[in-house]
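Structural features, examined
In case you want the letters, here they are:
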Amino acid sequence: MANTFEENLKQLESIVERLERGELGLEESLQLFEQGTGLSQQCKADLDAAEGRVQVLLQRGRERVAEDLDLSGPPQA
């Protein structure tokens, strides 16, 4: 089962903290960096998908407003 965005972000933050401490050997640092890169890409993909969903919802909202206004017919008295 895939991790959630929040789980991936928390794991990425942990990796960044460990790398920033500078206490790891080269090989372990490279492995963590590789893992962090993958997590970063997954987080970006999740954010892009969420942004797409927001855009769809905003568009639907604009369409509903336009339908409610119904500017295509004759003016109502």
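Presented here is a report on the structure given in the accompanying data block. Values in this document were obtained by computation on a predicted structure and should not be read as measured data.

Here the focus is the overall build of the protein chain. Counting its regular elements, the protein chain contains 2 helices and 0 strands. Counting the 77 residues in the protein chain, one finds 10% classified as buried. A total accessible area of about 6,700 Å² is found for the protein chain, and carbon and sulfur atoms account for 55% of it.

Attention now goes to the side chain of Asn-8. Summarising the element assignment, Asn-8 is placed in helix α1 (residues 5-21). Apart from residues no more than four positions distant in its own chain, Asn-8 is found in contact with Asn-3, Leu-39, Gln-42, Cys-43 and Asp-46.

Mapped onto the elements, Ala-45 comes out in helix α2 (residues 26-69). The partly exposed category is assigned to Ala-45, whose relative accessible area is 38%. Sequence-wise, Ala-45 and Phe-5 are 40 residues apart; in three dimensions their C-alpha atoms are separated by 9.5 Å.

Moving on: the packing of α1 against α2. The contact between α1 and α2 brings their axes to 9 Å, and the two run at 150 degrees. Taken together, the axes of α1 and α2 lie roughly antiparallel to each other. Of the two possible hands of crossing, α1 and α2 adopt the one that is left-handed. Residues Phe-5, Asn-8, Leu-9, Gln-11, Leu-12, Ile-15, Arg-18 and Leu-19 of α1 form the contact with α2, whose own contacting residues are Glu-28, Ser-29, Leu-32, Phe-33, Gln-35, Gly-36, Leu-39, Ser-40, Gln-42, Cys-43, Asp-46 and Leu-47.

It is worth spelling out the environment of Cys-43 at this point. Position of Cys-43 relative to the elements: it lies in helix α2. According to the relative accessible area criterion, Cys-43 is buried, its value standing at 5%. Taking the C-alpha atoms as reference, Cys-43 lies 8.6 Å from Glu-6; in sequence the two are 37 residues apart.

Let us look at the pattern of salt bridges. Under the criterion given, the structure shown has 2 salt bridges. Taking the shortest distance from any N to any O, the salt bridge between Glu-28 and Arg-18 comes out at 2.8 Å. Here Glu-28, found in helix α2, pairs with Arg-18, found in helix α1; they are 10 residues apart in sequence, far enough to count as distant. The exposure class of Glu-28 is partly exposed, given its relative accessible area of 35%. Judged by its relative accessible area of 30%, Arg-18 is partly exposed. A salt bridge links Asp-48 to Lys-44, with the nearest nitrogen and oxygen atoms 2.9 Å apart. In this pair, Asp-48 and Lys-44 are both assigned in helix α2, 4 residues apart and thus about one turn of the helix distant.

About the thresholds
- The numbering scheme is per chain: residues are counted from 1 as the chain's sequence reads.
- Selection of residues for local features in this predicted model requires a pLDDT of at least 70, selection of side-chain atom pairs for listing and counting requires 80 or more, and totals for whole chains, interfaces and linings are taken over all residues.
- To get the side-chain values, take all heavy atoms of the structure and skip hydrogens and water.
- Helix and strand assignments come from DSSP, with helices taken as H or I runs of at least 4 residues and strands as E runs of at least 2, each series counted from the N terminus.
- Any residue under 20% of the maximum accessible area for its type is buried, any over 50% is exposed, and the rest in between are partly exposed; the area is computed with a 1.4 Å probe on protein chains only.
- For accessible areas, the Shrake-Rupley method is used with a probe of radius 1.4 Å. Any residue's cover is judged against the shown protein chains and nothing else.
- The contact criterion used throughout is that any non-hydrogen atoms of two residues lie within 4.5 Å.
- Between N-to-C directions, angles cover 0 to 180 degrees, with each direction set by a line fitted to C-alpha atoms, over the stretch in contact for helices.
- Any angle between 65 and 115 degrees counts as roughly perpendicular, while under 35 counts as roughly parallel, over 145 as roughly antiparallel, and the rest as oblique.
- Crossing chirality is assigned from the near helix's rotation relative to the far helix, an anticlockwise turn below a right angle marking it left-handed and a clockwise turn marking it right-handed.
- Each salt bridge in this description consists of a side-chain nitrogen of Lys or Arg and a carboxyl oxygen of Asp or Glu lying within 4 Å of one another.

Everything listed here is a matter of geometry and, on its own, says nothing about what the molecule does.
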